[in-house]
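# Analysis of the macromolecular model
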Amino acid sequence: VSQSRYRALASGMIIALGMNGGIVGANFYSQLAVHLSWPTVFTVNLVIGSLLFFSILVLVRDHVEEKNQSDVQSLALEQIKQVLLNGQNWLCGLYTGLLNLSVELLAAAWGSFYLIQRYHIANTQASFITSMIFLGIILGSPIVGVISDLVRSRKLPMICGAFLSLVSILAIIYAPNHSVAFLALLFLILGVVTSAQVISYSVIFESNPQHLMSTAMGIAAVFINIIGAIVTGK
């Protein structure tokens, strides 16, 4: 069995692990803000971030290769050029950036404020509801990866994920039931269906030579973050 057969599943597992920070962080800081002042919460966040920074600094090691600096710069520019000329990288970056907007807007930026103002619920409840997007992505990413690998198709699951994401967002906007449980379920479903974005990483891997994979992923990440920054105004 070729390694590429399980590439979407591997991408899904990586994304699922990464989303644990979102679901833990949202509830953790919301509960912390209830008992402590915001300056204290920011201080706690600073301490945790500093510990992570120094842990990476001490534990992570780069593979050292002796190369001429000018050769490295020339090679980097050539790699970036090849990646930018590959239309698949642009399409995948655009797809992931647009599909990820639901996470950017509802889970990270405006979701809690929207729920508090429209449904008049407590801040802790709003944070719980928005964190369900992260839980949905944690659950959905491996599932979407498995489905894509089993059907041996990237395009069809990506199209279905985009369509279902639109349906889920419309359901949240026009939700007839305003209970916390129902809203949490809708946000959970939204997280599951937007997990289709993980497939685009597999497409990037499969559309570029092995020596360009890191460069291609980096360029795609730039596209994704630019889209989020433009829409959220950050």
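Residues numbered from 1 in each chain as written. Predicted model: local features only at pLDDT ≥ 70, side-chain atom pairs only at ≥ 80, totals over all residues. Heavy atoms only, no water.

## Examining the overall build of the protein
Scanning the protein from N- to C-terminus turns up 11 helices and zero strands. Secondary structure elements in the protein, listed N-terminal to C-terminal, are α-α-α-α-α-α-α-α-α-α-α. A total of 234 residues make up the protein; the buried ones form 39% of that total. In the protein, of all internal contacts separated by at least 6 residues, the share reaching a separation of at least 24 is 80%. Summed over all atoms, the accessible surface of the protein reaches about 13,700 Å², with 70% contributed by carbon and sulfur. (Helix = DSSP H or I, 4+ residues; strand = E, 2+ residues; numbered from the N terminus. Buried < 20%, exposed > 50% of the residue type's maximum accessible area, 1.4 Å probe, protein only. Contact = heavy atoms within 4.5 Å. Areas by Shrake-Rupley, 256 points an atom, 1.4 Å probe, with all protein chains shown as cover.)

## Let's talk about the nonpolar core
Counting 20 residues, the largest nonpolar core has Leu-115, Ile-129, Ile-133 and Phe-187 as its most contacted members. Within the residue set of this core, elements represented by two or more residues are α5 (101-109), α6 (111-119), α7 (123-151) and α9 (180-193). By size, the runner-up hydrophobic cluster in this structure holds 16 residues, among which are Leu-99, Val-198, Leu-212 and Ala-220. (Core = buried A, V, L, I, M, F, W, Y, C linked by side-chain atoms within 4.5 Å.)

## Some details on the packing of helix α10 (residues 198-207) against helix α11 (residues 213-232)
In contact at an axis separation of 9 Å, α10 and α11 are set at 140° when each is read in the N-to-C sense. The angle between the axes of α10 and α11 places the two elements in the oblique class. As for the relative orientation of α10 and α11, their crossing is right-handed in sense. Listed contacts from α11 to Tyr-201, Ile-204 and Phe-205 of α10 are Met-213, Ala-216, Met-217, Ala-220 and Ile-224. When the residues that make up the contact of α10 with α11 are grouped by side-chain class, the tally is eight nonpolar, no polar and no charged. (Axes fitted to C-alpha atoms, helices over the stretch in contact; angles between N-to-C directions. Parallel < 35°, antiparallel > 145°, perpendicular 65-115°, else oblique. Left-handed = near helix turned anticlockwise from the far one by under 90°. Nonpolar A, V, L, I, M, F, W, Y, C, P; charged D, E, K, R; others polar.)

## Some details on helix α4 (residues 87-99)
Here α4 spans 18 Å end to end across 13 residues, near enough to the 18 Å set by a 1.5 Å rise per residue. Considered for burial, the residues of α4 that qualify are Asn-89, Cys-92, Gly-93, Tyr-95, Thr-96, Gly-97 and Leu-99. (Expected span 1.5 Å × (residues − 1).)

## A look at the packing of aromatic side chains
As enumerated under the stated definition, the model contains three aromatic pairs in all. Aromatic side chains Tyr-114 and Tyr-119 sit 6.3 Å apart centroid to centroid with 90° between the ring planes, which places their arrangement in the edge-to-face category. For Tyr-114, a relative accessible area of 27% gives the class partly exposed. By relative accessible area, Tyr-119 is classed as buried at 9%. (Phe/Tyr/Trp six-rings, centres within 6.5 Å; stacked < 30°, edge-to-face > 60°.)

## Brief notes about the pattern of salt bridges
Side-chain pairs of opposite charge can arise whenever the charged atoms involved come near each other. Tallying each qualifying case throughout the model produces two salt bridges. In this structure, Arg-154 engages Asp-149 in a salt bridge whose closest nitrogen and oxygen atoms are separated by 3.0 Å. Owing to a relative accessible area of 6%, Asp-149 belongs among the buried residues under this scheme. The salt bridge partner of Arg-154 is Glu-206, with a shortest N-O separation of 2.6 Å. You can see Arg-154 sitting in the loop between α7 and α8 (155-173) and its partner Glu-206 sitting in helix α10, a full 52 residues away along the chain. Arg-154 gets classed as buried once you look at its relative accessible area, which sits at 16%. (Salt bridge = Lys/Arg side-chain N within 4 Å of Asp/Glu carboxyl O.)

## Remarks on the confidence of the model for the protein
In this model, the protein carries an average pLDDT of 80, and 79% of its residues clear a pLDDT of 70 or more. When the criterion is pLDDT under 50, residues 66-70 qualifies, and its contacts beyond four places in sequence or with other chains add up to two contacts. (pLDDT = per-residue confidence, 0-100.)

## Here's the deal with α6
Those residues of α6 that fall on the buried side of the exposure criterion are Gly-111, Ser-112, Leu-115 and Tyr-119. Projection of α6 onto a plane perpendicular to its axis shows the buried side chains occupying an angular sector of 100°, all on one side. Within α6, the exposed residues directed more than 90 degrees away from the buried face are Phe-113 and Gln-117. Looking at the residues trailing α6, positive phi occurs at His-120, about 55°. (Arc of directions from axis to C-beta.)

## As for unusual backbone geometry
Unlike most non-glycine residues, His-120 shows phi in positive territory, near 55°. The residue His-120 is located in the loop between α6 and α7 in this model. Its relative accessible area of 68% is what places His-120 among the exposed residues.

## Re the side chain of Asn-89
Its place among the elements puts Asn-89 in helix α4. Within polar-contact distance, the side chain of Asn-89 engages the backbone oxygen of Val-83 at 2.9 Å. Apart from residues lying up to four places away in sequence, Asn-89 is in contact with Val-83, Ile-204, Asn-208, Ala-216 and Phe-223. (Polar contact = N/O pair within 3.5 Å; in protein donor to acceptor, adjacent residues only side chain to side chain.)

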